[in-house]
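# A structural walkthrough
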Amino acid sequence: HFMQRSSDASKQSQSSRAEASIASVLHLKQLVQIAPTLACALSSNGQTPPENELLRAVERIMLSPQLRDIEDLISSHIEDDAKYEKRHAQRQLQCLFAARNELSGSLKTHRETLGALTLQMEELLESLQRDLSLESLKLNYSQRRGYHFTLPAAERPLAVQHKFI
């Protein structure tokens, strides 16, 4: 029993580290994409270098070939439309779909399975809303509870009447 819990904790830890790594890459991707615009903003209309030494150094870094190399490397592994998200549920989805399919043979299967399960949850939600007249029923996600339905307290009697809860 202890070994099973230890193994589960290790899997969660690996998953958290992987998500944090991908999130960091997505942050870096956004930075290198805005670097040229930032460098131009530091100068006077992109014509005159900044007067401040620190700002000149930042401008040089933002226009460096090494930053372009990093951007190329990221582009070869991360989908073009992937971006960092602040909200946890959206960030998890971005992390799941950020890597290009070519990187892993099982990645496409995992994504298709997630998509199918999400679609089934949405269909169940629509069915319950329609069949039980629970228009305010929502499908939510939280890190602690996963996907779950929520219903305002005012509609609880209707849900009890239909034996939904």
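Our subject is the structure listed above.
The structure reproduced in this document is the subject of the present report.

### Topic: the overall build of the chain
Each helix and strand counted, the chain has six helices and two strands in total. Element order for the chain, N to C, with α for helix and β for strand: α-α-α-α-α-β-β-α. Going through the 165 residues of the chain one by one, you find that 23% of them count as buried.

### With respect to the pattern of salt bridges
Applying the stated criterion across every chain, the model contains five salt bridges. Put simply, Glu-71 and Arg-68 hold a salt bridge, and the shortest N to O gap is 2.9 Å. Here the residue Glu-71 and the residue Arg-68 both occupy positions in helix H3 (residues 65-77), the gap between them amounting to three residues, near one helical turn. Note that Glu-79 is salt-bridged to Arg-100, the shortest N-O span being 3.4 Å. Of this pair, Glu-79 sits in the loop between H3 and helix H4 (88-98) while Arg-100 sits in the loop between H4 and helix H5 (107-131); the two residues are 21 residues apart in sequence, bridging distant segments of the chain. Of the residues examined, Arg-100 reaches a relative accessible area of 17% and is grouped as buried. Several salt bridges converge on common partners, so that one network encompasses Glu-79, Asp-80 and Arg-100.

### Here we look at the nonpolar core
Within the largest apolar cluster, seven residues are counted, these being Leu-125, Leu-128, Leu-132, Leu-134, Leu-137, Leu-139 and Ala-159. Dropping the residues within four chain positions of it, Leu-139 is found in contact with Met-121, Glu-122, Leu-125, Tyr-147, His-148 and Phe-149.

### Digging into the side chain of Arg-100
Engagement of the side chain of Arg-100 in a polar contact is seen with the backbone oxygen of Ser-75, the distance being 2.9 Å. Looking at Arg-100, its side chain comes within polar contact range of the main-chain oxygen of Ile-78, at 3.3 Å. Those residues in contact with Arg-100 that sit more than four places away from it in its chain are Ser-75, Ser-76, His-77, Ile-78, Glu-79, Asp-80, Leu-107 and Arg-111.

### Some details on a nonpolar patch on the surface
A surface patch of nonpolar side chains, amounting to about 300 Å² of accessible area, comprises Leu-28, Leu-31, Ile-34 and Ile-70. Here the element with the most residues in the nonpolar patch is helix H1 (residues 2-42); it accounts for three residues. Within the element layout of this structure, Ile-70 appears in helix H3.

### Quick notes on H4
By the burial criterion, the buried members of H4 are His-88, Arg-91, Gln-94, Cys-95 and Ala-98. The arc that holds every buried residue of H4, seen down its axis, measures 120°, which confines them to one face.

### Section: the environment of Ser-16
Mapped onto the secondary structure, Ser-16 falls in helix H1. Separated by 76 residues in sequence, Ser-16 and Gln-92 have C-alpha atoms that sit 10.0 Å apart.

### Remarks on the side chain of Gln-129
Note that Gln-129 resides in helix H5. Judged by relative accessible area, Gln-129 falls into the buried class, the value being 18%. A distance of 2.7 Å separates a polar side-chain atom of Gln-129 from the backbone oxygen of Leu-137. In this structure Gln-129 touches Leu-134, Glu-135 and Leu-137, once residues within four positions along its chain are discounted.

### Concerning the packing of H4 against H5
Orientation of H4 relative to H5, taken along the N-to-C sense of each, is 145°, at an axis distance of 10 Å. Each of Leu-93, Leu-96, Phe-97 and Ala-98 in H4 lies in contact with H5, whose residues at this interface are Leu-107, Arg-111 and Leu-114. Tallied by class, the residues present in the contact of H4 with H5 amount to six nonpolar, no polar and one charged.

Definitions and cut-offs
- Residues numbered from 1 in each chain as written.
- Predicted model: local features only at pLDDT ≥ 70, side-chain atom pairs only at ≥ 80, totals over all residues.
- Heavy atoms only, no water.
- Helix = DSSP H or I, 4+ residues; strand = E, 2+ residues; numbered from the N terminus.
- Buried < 20%, exposed > 50% of the residue type's maximum accessible area, 1.4 Å probe, protein only.
- Salt bridge = Lys/Arg side-chain N within 4 Å of Asp/Glu carboxyl O.
- Core = buried A, V, L, I, M, F, W, Y, C linked by side-chain atoms within 4.5 Å.
- Contact = heavy atoms within 4.5 Å.
- Polar contact = N/O pair within 3.5 Å; in protein donor to acceptor, adjacent residues only side chain to side chain.
- Patch = residues over 30% accessible without salt bridge, like charges linked within 9 Å, V, L, I, M, F, W, Y side chains within 5 Å.
- Areas by Shrake-Rupley, 256 points an atom, 1.4 Å probe, with all protein chains shown as cover.
- Arc of directions from axis to C-beta.
- Axes fitted to C-alpha atoms, helices over the stretch in contact; angles between N-to-C directions.
- Nonpolar A, V, L, I, M, F, W, Y, C, P; charged D, E, K, R; others polar.

No statement about biological role is implied by the geometric values presented.
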